[in-house]
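Spelled out from the first residue to the last, the chains are:
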Amino acid sequence: MEKDINLMNEVNNLAMSRNAAFWKREMAEEILAEFGAEDEVTLSPTQTTGAVSEKYPPLFDDVPKMLRDFEKSITTMKKSKYYKIFDDKVKIPIAWPELQFGNGMAGAIFGGKLEVTSTKDHTYTFNEPVIKNWNEVYGLKFDKNNIWVRRILEALKYFVKNSTEDFLVLPFFIYEGADFIVSMRGTTQAFYDLIDYPPELQVLYDLGRKTGIEFFEMKREIIKKHNERILNNKEYSDLAPIHSVPLLDMDAYALCSPEIFEKIGFENKQKILNHFKGGSFYIHALGRHILPIAARLENLTQLWLYDDPKCPRYFENRISLRKTTFDIPLQMYCSLKEFISALNERSLPGGIKYNIFTSGEKISTDEINLLLKKIKSYRTRELAAKSKK
């Protein structure tokens, strides 16, 4: 048992070291890899299966049960073959209790009426528009004593205080941009506002940014020491999008023209990244048109590239994307077959973490670990990530 623990600590420390170098943009000629089943790799954490039913109460109404259920899932995770693969995934479970409060919290903390639906495993929330008349925007401010603010903070405290297993606690996204406007104005009206750009829209942007910063810092205060103790790796802890820097919203911009993001979203996003000296977000394939503009952002820790159905896949355009995004650390998704093919032909650009799904592939853990030796020795000068400076 002690031998297994020591081996896992060694594997995790190596993965943390490589990820830290990746975020510091020191892996320009190297690649990182994470292996998993297709549904583990390609689905967003918010995507779950199961029917919505009134018989399922909101999961956030029973935080102790949320914790018990999560800790039970850790046992299952440790039995997975992927737990024995020595790739660049840090094998420490991550709890996301705030996820079960849902997207609706962005508006609910300002008094927006909450709409709640649940499956057995997940709770979804949305909120009705908060601002129906622009005059209402000037009276809004972030209230630390709002019931939903308190409930979220108490849930994080409960997970930290009552955990019986070692796991990290992740805070939710900062909704500071167009997603925040959608929450405050409603979907249809928000997109009209982004086009018309009334003066009050900037007031909302400022509110979203300042609220996002303050609320994230409150959550970080609760989870930071807990996560640092478990990670036991200062460099990784200081850089990771676990608690040190935030995850930012980008979904709504995927449905906008590049000009909207450049004119309105870019500056606001940059202010957040500058405040925290880092931050991460993802861009769906539907939003790939904003990628060249997003690539100009400074202090970007990592950029996830998520594929969408019936859209060109990022992996298929990896070489041109590497040039477009300069040396920003990227993460994209591919199958085992296409990854090995690209590895052998040396067409994998550097400065990228490849999430490789193995569903349907007959490959053992030992074979993957042998492949990882080749991956970690891979170097590519011609396709290296290059600074824009």
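Residues numbered from 1 in each chain as written. Predicted model: local features only at pLDDT ≥ 70, side-chain atom pairs only at ≥ 80, totals over all residues. Heavy atoms only, no water.

Asks: Which residues make up the overall build of the protein chain, and what are the values?
Replies: Helix and strand counts for the protein chain stand at 14 helices and nine strands. Relative to the globule expectation of 21 Å for 389 residues, the C-alpha radius of gyration of the protein chain, 21 Å, shows essentially globular dimensions. On the principal axes, the C-alpha backbone points of the protein chain span a range of 60 × 45 × 40 Å. In the protein chain, which comprises 389 residues, the share counted as buried stands at 55%. Considering only contacts within the protein chain whose residues lie at least 6 apart along the sequence, 75% involve residues at least 24 apart. By element, 52% of the accessible surface of the protein chain is carried by carbon and sulfur atoms, the whole surface being about 18,600 Å². Positive and negative side-chain charges in the protein chain, numbering 55 and 54 respectively, have mean positions lying 3 Å apart. (Helix = DSSP H or I, 4+ residues; strand = E, 2+ residues; numbered from the N terminus. Rg over C-alpha atoms; globule rule 2.2 N^0.38 Å. Buried < 20%, exposed > 50% of the residue type's maximum accessible area, 1.4 Å probe, protein only. Contact = heavy atoms within 4.5 Å. Areas by Shrake-Rupley, 256 points an atom, 1.4 Å probe, with all protein chains shown as cover. Lys, Arg positive; Asp, Glu negative; His and termini not counted. Charge placed at Lys NZ, Arg CZ, Asp CG, Glu CD.)

Asks: Hey, could you go over the packing of aromatic side chains for me, with residue numbers and the actual values?
Replies: Enumeration over the complete set of coordinates arrives at 19 aromatic pairs. Taking 5.0 Å as the distance between ring centres and 80° as the angle between the ring planes, the aromatic pair formed by Phe70 and Phe167 counts as edge-to-face. On the criterion of sequence distance, the pair formed by Phe70 in helix H3 (residues 63–79) and Phe167 in the loop between helix H5 (147–162) and strand S5 (168–169) is long-range, its members being 97 residues apart. On the accessibility criterion, Phe167 (0% relative accessible area) is buried. For the pair Tyr282 and Tyr306, a centre-to-centre distance of 5.0 Å together with 45° between the ring planes defines the contact as tilted. Here the residue Tyr282 occupies a position in strand S6 (residues 280–284), and Tyr306 occupies one in strand S7 (residues 302–306), the gap between them amounting to 24 residues. The burial state of Tyr282 is the same as that of Tyr306; both residues are buried. Against the face of Phe215 rests Lys219, its NZ or CZ located 4.3 Å from the ring centre. In this arrangement the basic side chain of Arg296 is found over the ring face of Phe266, its NZ or CZ atom lying 5.4 Å from the centre. (Phe/Tyr/Trp six-rings, centres within 6.5 Å; stacked < 30°, edge-to-face > 60°. Lys NZ or Arg CZ within 6 Å of the ring centre and 35° of its normal.)

Asks: I'd love a proper account of the sheet that holds strand S1 (residues 31–36), names of residues and values included.
Replies: The strand order S1-S9-S8-S7-S6 describes an open sheet built from five strands, whose pairing is parallel. Among the strands making up the open sheet, the edge pair consists of S1 and S6. Going from strand to strand, the sheet's axes swing by 25° on average, the running direction of each strand aside. Strand direction decides the pairing type here: S6 and S7, joined by five bridges, are parallel. (Pairing = 2+ DSSP bridges. Axes fitted to C-alpha atoms, helices over the stretch in contact; angles between N-to-C directions.)

Asks: Let's hear about the pattern of salt bridges: which residues, and what values?
Replies: Within this structure, the stated rule accounts for 26 salt bridges. Residues Arg18 and Asp88 are paired through a salt bridge, measuring 2.5 Å at the closest nitrogen-oxygen approach. Taken as a pair, Arg18 in helix H1 (residues 2–23) and Asp88 in the loop between H3 and strand S2 (94–95) lie far apart in primary sequence, 70 residues in all. Here Arg18 matches Asp88 in class, with each residue buried. For Arg185, the salt bridge is made with Asp193, and the minimal N-O distance between the two is 2.6 Å. (Salt bridge = Lys/Arg side-chain N within 4 Å of Asp/Glu carboxyl O.)

Asks: Tell me what's going on with the nonpolar core, and back it up with residues and numbers.
Replies: Note that soluble globular proteins tend to have their nonpolar side chains buried in a common cluster. In terms of nonpolar packing, the biggest core is built from 109 residues, with Phe35 and Tyr354 touching the most fellow members. Among the elements that make up this core, the one with the highest residue count is helix H8 (residues 199–231) (nine residues). Discounting residues that sit within four places of it in the chain, Tyr354 has contacts with Ile31, Leu32, Ala33, Glu34, Phe315, Arg318, Met332, Cys334, Phe339, Leu348 and Pro349. In this structure, Met16, Trp23, Val90 and Ile242 belong to the second largest nonpolar core, which totals 15 residues. (Core = buried A, V, L, I, M, F, W, Y, C linked by side-chain atoms within 4.5 Å.)

Asks: Requested: an account of the packing of H3 against H5, with residues and values cited.
Replies: Contact geometry for H3 and H5: axes closest at 10 Å, N-to-C directions at 50°. The pairing of H3 with H5 is recorded here as oblique in orientation. When the axes of H3 and H5 are compared, the crossing they make is right-handed. In this structure, H3 contributes Val63, Pro64, Met66 and Leu67 to the contact, and H5 contributes Ala155, Tyr158, Phe159 and Asn162. The residue inventory of the contact of H3 with H5, partitioned by class, reads seven nonpolar, one polar and no charged. (Parallel < 35°, antiparallel > 145°, perpendicular 65-115°, else oblique. Left-handed = near helix turned anticlockwise from the far one by under 90°. Nonpolar A, V, L, I, M, F, W, Y, C, P; charged D, E, K, R; others polar.)

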